[in-house]
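Residue-level structural notes
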Amino acid sequence: MIKNNTNRLMPLLMAVCVVVGIVIGTFYANHFSGNRLNIINSSGNKLNNLLHIIDDQYVDTVNINDLVEKAMPQILAELDPHSVYISARDGEIANDDLRGSFFGIGIEFTIRQDTIRVQNVIGNGPAERAGVIAGDKIVEVDDSVFVGKKVTNEEAMHRLKGPKDTKVKLGIIRYGENKIHHITITRGEIPTKSVTACYMLDEECGYIKIRNFGENTYPELLIALAKLAQQGFSNLVIDLRGNTGGYLESAVQIANEFLSRGQLIVYTQGRAFPRQDYRADGRGSYQRLPLVVLVDESSASASEILAGAIQDNDRGTIIGRRSFGKGLVQKPMEFSDHSMIRLTIARYYTPSGRCIQKPYNNGNHYDDDWLTRYQHGEFFSKDSIKNTGPEYHTNNGRIVFGGGGITPDIFIPEDTLGVTSYYKEAAMSGLILQFAFTYTDQNRSKLSTIANVKDMETYLKRQNILEQFVVYADKNGLKRRNLMIQKSQKLLERFVISRIIYNIHSEQSWTEYLNQDDPVIIETLRLFHNEGAFPQKPVAGGKGKQVAKASDCRELRMLNMHIAHA
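Residues numbered from 1 in each chain as written. Predicted model: local features only at pLDDT ≥ 70, side-chain atom pairs only at ≥ 80, totals over all residues. Heavy atoms only, no water.

**Topic: the packing of helix H8 (residues 248-256) against helix H9 (residues 302-312)**
Between H8 and H9, the shortest axis-to-axis distance is 8 Å and the interhelical angle comes to 25°. In this view, H8 runs roughly parallel relative to H9, as classed from their interaxial angle. Classified by chirality, the crossing of H9 by H8 is right-handed. Across from Leu-248, Ala-251, Ile-254 and Ala-255 in H8, the residues of H9 making contact are Ala-302, Ile-305, Leu-306 and Ala-309. In the contact of H8 with H9, the residues fall into 8 nonpolar, no polar and no charged. (Axes fitted to C-alpha atoms, helices over the stretch in contact; angles between N-to-C directions. Helix = DSSP H or I, 4+ residues; strand = E, 2+ residues; numbered from the N terminus. Parallel < 35°, antiparallel > 145°, perpendicular 65-115°, else oblique. Left-handed = near helix turned anticlockwise from the far one by under 90°. Contact = heavy atoms within 4.5 Å. Nonpolar A, V, L, I, M, F, W, Y, C, P; charged D, E, K, R; others polar.)

Structure follows, in structure tokens:
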């Protein structure tokens, strides 16, 4: 009897199973596997529904994938200034600087008059082996003309970079010639350096410039320290000016070299991520070395982690101007099509407990923070700095502030002596950079024989290089103004010479030249000479450290030439 009833119910049970299976299958098809948009797998998601409605019912055919590509950045922009979407096309390039290497042909290039100009050729790289030389103009890529408005840094890198062992055919025009030479280059692995300068400022003080914090920054730093050790350094300055950051882990590894066992370097914490402490393990080789760290308004993120760890532990002295103020931690997440997002998941805090993230509004806006700082006078007076966060205390009890960057222990103002409207226009218009490149191109053979930076400066001054620039600028729309030129003579001459040195030699030579009369470097050497690199406990009623007055002009670092790599 029971068996017969079971037999009668079997068709009904099978029908129910089929219906349930269809319902479940339809649900997952619509919301997971069959959803070609696959943004958020939620049945109640209005954005998902909207895109489906557009795809099904809009009057014209719409490329939904393109719509999503445009929408993703806008969605993330509503969160904070640093959560970003990176397309599959741009993903590779976005990570090149931090990886420590990329696959390409091995050149530094700049774009002048809608044409790629080879700035430098990386030694023993694919381009050098194929015969490319500095000064060459690239006018064809893979038998297609590549000049005009379509020539941008991004497009040039997309065309010149590529997988290892692939080939690219270039059409180049050499200086002084009209004929196009065709060269086929096999792409290879090209190293990128984080440590861009390492040398002795004097007999005792070693100097290291770190451009960013990438995968290889820590081993590069160890190599630089070993090099300085061979030269007998007993003081060290780490220059983080213009360093916009990178990997937190690299900053932690570097801080570990200088801090004692157990000292807190940084900690991170977010809504979905419990607090994580990063502490020194006591294995650092330079725990008692007198240390100075240089920062400015462009020093951000990992730069501020390192500077904050040194400052809060009273391990060294911070010199310069208030740093950028980025205290948010991003996690990269890649999609199946190799596009990715960098989503802010936590804040980082310096050892004293301060978050140095500066205020922001409407997700992706800092409300022209740099311009506000400039107009408020912060670049010229320490008293003009507005610290928006609460007070914290270093290990020695010194007061430090959160809520907007690392305020240096010794403030060096931006020197405006010699700045005129003529100088500003010459610099901001790019005329100095254009002249320097043209002059280098026309005199490359002679300039290449001058190896010493000081000798190069002497030679160029003898060539009356400033007058040559003024004539060039006048022909290109910047009217000659003799009184202003005379007032800005030192600044103009310094800027022009520094760019020619960069074009002929390297970033280290360029840095050495600029550091010769840099007031920040001058103050650093004075501090070491007075054995004042280790911060002292504050004296009751004391005023603390004084502002150092800048006695000489320095190049406007924000006007650095945009050099791209391929």
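**Digging into the side chain of Ser-83**
Inspection of the secondary structure assignment puts Ser-83 in the loop between helix H3 (64-77) and strand E1 (84-86). By relative accessible area, which is 3% here, Ser-83 ends up buried. A distance of 2.7 Å separates the side chain of Ser-83 from the side chain of Asp-80, its partner in a polar contact. For Ser-83, the side chain forms a polar contact with the main-chain nitrogen of Thr-344, separated by 3.0 Å. (Buried < 20%, exposed > 50% of the residue type's maximum accessible area, 1.4 Å probe, protein only. Polar contact = N/O pair within 3.5 Å; in protein donor to acceptor, adjacent residues only side chain to side chain.)

**Looking at the sheet that holds strand E21 (residues 410-411)**
The strand order across the open sheet formed by 6 strands is E10-E11-E12-E15-E16-E21, and the pairing between neighbours is mixed. Edge positions in the sheet fall to strand E10 (195-200) and E21, since each has one partner strand and no second. Both strand E15 (residues 291-295) and strand E16 (residues 317-320) contribute to a ladder of 4 bridges, which runs parallel. Bridge pairing in E16 places Leu-294 opposite Ile-319. Those strands touched by helix H18 (residues 507-515) are E10 and strand E11 (205-210), and its axis lies near 55° from that of E10. Those strands touched by helix H19 (residues 519-529) are E11, strand E12 (235-239), E15, E16 and E21, and its axis lies near 165° from that of E15. (Pairing = 2+ DSSP bridges.)

**Considering the pairing of E10**
Counting buried positions along E10 yields 6 of 6 residues, so the element is predominantly enclosed. Where E10 meets E11, 5 bridges bridge the pair, whose relative direction is antiparallel. Within E11, the position partnered with Cys-198 by the bridge is Ile-208.

**Quick word on the pattern of salt bridges**
For the structure shown, the criterion picks out 20 salt bridges. Asp-143 serves as the salt-bridge partner of Lys-169, at 3.1 Å between the closest nitrogen and oxygen. With Lys-169 in strand E7 (residues 167-173) and Asp-143 in the loop between strand E5 (137-141) and strand E6 (144-145), this pair connects stretches of sequence that are 26 residues apart. A residue is classified by how much of its surface remains accessible, and Lys-169, at 30% relative accessible area, is partly exposed. Across the salt bridge formed by Glu-523 and Arg-526, the nearest N and O atoms sit 2.5 Å from each other. Taken together, the positions of Glu-523 and Arg-526, both in helix H19 and 3 residues apart, correspond to about one turn of that helix. You can call Glu-523 buried: its relative accessible area is 7%. Put simply, Lys-209, Asp-239, Arg-241 and Asp-518 are held in one network by salt bridges that share partners. (Salt bridge = Lys/Arg side-chain N within 4 Å of Asp/Glu carboxyl O.)

**Some remarks on the pairing of strand E8 (residues 180-186)**
Where E7 lies against E8, 7 bridges are found, and the strand directions are antiparallel. Counted as the bridge partner of Lys-169 is Thr-184 from E8.

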